[in-house]
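So you can see what is in the structure, the chains are spelled out below.
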Amino acid sequence: MTPSIRPLIVGNWKMNGLTASLNEFNAFGAGNDAALRRAVDLIICPPATLLSALAHSAPGKGISIGAQDCHMKDSGAHTGDLSAAMLADAGASAVLVGHSERRADHGESDAIVRAKAEAAYRNGLTAIICVGETRAEREAGKTLSVIRRQLKGSVPETMTARDLVIGYEPVWAIGTGLTPTAKDVEEVHASIRAELKKIIGKEEGARTRILYGGSVKPTNAKELLAVPNVDGLLVGGASLKAEDFLTIAGFYR
Ligand code: PGA
């Protein structure tokens, strides 16, 4: 944690969730009590099909709604894509960009991620820019240089701590049950903090929230949240159940 930064827990539902998930979302709201609301910001990123429904049901729950991706343009002939303008119109206040599953499955380069972050900014959405090394890159000792390159290539210099969140997600830790040691997370987050200060300036870089993501569970969240420069968590699988997600966020109480 960084004492002066308000923490944030983001749930990424990925390609999971049908209309029935609205019931689960109600449970998220019911468990988000006054103490939790005082302590931490919560964002749920449902699939786009549920975005509008969750946004309509969100008022009073103390939970903001985010999207999982956006197109770099605001409108046009891009069948199947969604623009940041559309996501904002549907009730999103944030959007994940550059998630490793997008980078890998859809060939998204740093330049594309940067253009998506700019689209988010233009449309008033907080961009949650994800970075992270593969197993091969970690084993080759390239973790810090890979993360630096991703940050340089994908974070627009004009962004501020208000519009920007960084998600550090080691690719090998996502959905695998594996997590880096607290010491490794500390090293990477310190390096991200230093790089951010270079890119968006000392003050904004010092205030920007840096989240850890990858196999976060109720059993390991407390240790991860105690790491310096970990200002919250990006939670995949464990965000599908209100009980797990609220237990994780509840460590901030
Ligand atoms: P996981 O996913 O928590 O299921 O590992 C995290 C993410 O990809 O955002």
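Report on the accompanying structure. (Residues numbered from 1 in each chain as written. Predicted model: local features only at pLDDT ≥ 70, side-chain atom pairs only at ≥ 80, totals over all residues. Heavy atoms only, no water.)

Let's talk about the site of the ligand
Right, so step 1: As a matter of local geometry, the ligand sits amid 14 residues, with Lys14, His99, Glu169, Gly175 and Ser215 nearest to it.
Right, so step 2: In this structure, an oxygen atom belonging to the ligand sits 2.7 Å away from a side-chain N or O atom of histidine 99.
Right, so step 3: In this structure, glycine 236 approaches the ligand through a main-chain N or O atom, which is 2.9 Å from an oxygen atom.
Right, so step 4: Considering the ligand on its own, with 280 Å² of exposed area, one finds that the protein chains cover 96% of that surface.
Right, so step 5: For the shell around the ligand, the class distribution of residues is 5 nonpolar, 7 polar and 2 charged. (Near = heavy atom within 4 Å. Polar contact = N/O pair within 3.5 Å; in protein donor to acceptor, adjacent residues only side chain to side chain. Areas by Shrake-Rupley, 256 points an atom, 1.4 Å probe, with all protein chains shown as cover. Nonpolar A, V, L, I, M, F, W, Y, C, P; charged D, E, K, R; others polar.)

A look at the packing of helix α6 (residues 110–122) against helix α8 (residues 143–154)
Right, so step 1: As a packed pair, α6 and α8 sit with axes 7 Å apart at the nearest point and diverge in direction by 45 degrees. Taken as axis vectors, α6 and α8 run oblique relative to one another. Along this stretch, α6 crosses α8, giving a crossing that reads as right-handed. Contacts from Asp110, Ala111, Val113, Arg114 and Ala117 in α6 reach Arg149, Gln150, Lys152, Gly153 and Ser154 in α8.
Right, so step 2: Considering only residue class, the contact of α6 with α8 consists of 3 nonpolar, 3 polar and 4 charged. (Axes fitted to C-alpha atoms, helices over the stretch in contact; angles between N-to-C directions. Helix = DSSP H or I, 4+ residues; strand = E, 2+ residues; numbered from the N terminus. Parallel < 35°, antiparallel > 145°, perpendicular 65-115°, else oblique. Left-handed = near helix turned anticlockwise from the far one by under 90°. Contact = heavy atoms within 4.5 Å.)

A few points about the environment of serine 100
Right, so step 1: Counting through the fold element by element, serine 100 comes out in helix α5 (residues 100–105).
Right, so step 2: Sequence separation between serine 100 and isoleucine 174 is 74 residues, and the spatial gap between their C-alpha atoms is 9.0 Å.
Right, so step 3: Here serine 100 is in contact with Val171 and Ile174, once residues within four sequence places are set aside.

Things to note about unusual backbone geometry
Right, so step 1: Even without a glycine there, the phi angle at lysine 14 is positive, about 50 degrees.
Right, so step 2: If you trace the backbone, lysine 14 turns up in the loop between β1 (8–12) and α1 (21–31).
Right, so step 3: Phi at serine 215 is positive, roughly 55 degrees, even though this residue is not glycine.
Right, so step 4: Summarising the element assignment, serine 215 is placed in the loop between β7 (209–213) and α11 (221–225).
Right, so step 5: Given the relative accessible area of 9%, serine 215 is considered buried. (Buried < 20%, exposed > 50% of the residue type's maximum accessible area, 1.4 Å probe, protein only.)

Brief notes about the sheet that holds strand β5 (residues 126–131)
Right, so step 1: In space, the 8 strands of this closed barrel follow the order β1-β2-β3-β4-β5-β6-β7-β8, with parallel pairing throughout. If you compare each strand with its neighbour and ignore which way they point, the axes differ by 25 degrees on average.
Right, so step 2: Where β7 lies against strand β8 (residues 232–235), 2 bridges are found, and the strand directions are parallel. Looking across to β8, one finds that glycine 213 is bridged to leucine 234.
Right, so step 3: Together, β5 and β6 (164–168) form the strand contacts of α8, whose direction differs from that of β5 by roughly 150 degrees. (Pairing = 2+ DSSP bridges.)

Describing the packing of α1 against helix α3 (residues 48–57)
Right, so step 1: Relative to each other, α1 and α3 sit at 35 degrees, their axes nearing to 11 Å. Both α1 and α3 take part in a crossing whose hand is right-handed. Residue-level contacts link Ser21, Leu22, Phe25 and Asn26 of α1 to Leu50, Ala53, Leu54 and Ser57 of α3.
Right, so step 2: Split by residue class, the contact of α1 with α3 holds 5 nonpolar, 3 polar and no charged.

A look at the pattern of salt bridges
Right, so step 1: Scanning the model with the defined rule gives 18 salt bridges in all.
Right, so step 2: For arginine 114, the salt bridge is made with glutamate 118, and the minimal N-O distance between the two is 3.4 Å. In this pair, arginine 114 and glutamate 118 both sit in helix α6, 4 residues apart, roughly one turn of the helix.
Right, so step 3: You can call arginine 114 partly exposed: its relative accessible area is 23%.
Right, so step 4: Through salt bridges with shared partners, a single ionic network connects Asp69, Arg102, Glu108 and Lys116. (Salt bridge = Lys/Arg side-chain N within 4 Å of Asp/Glu carboxyl O.)

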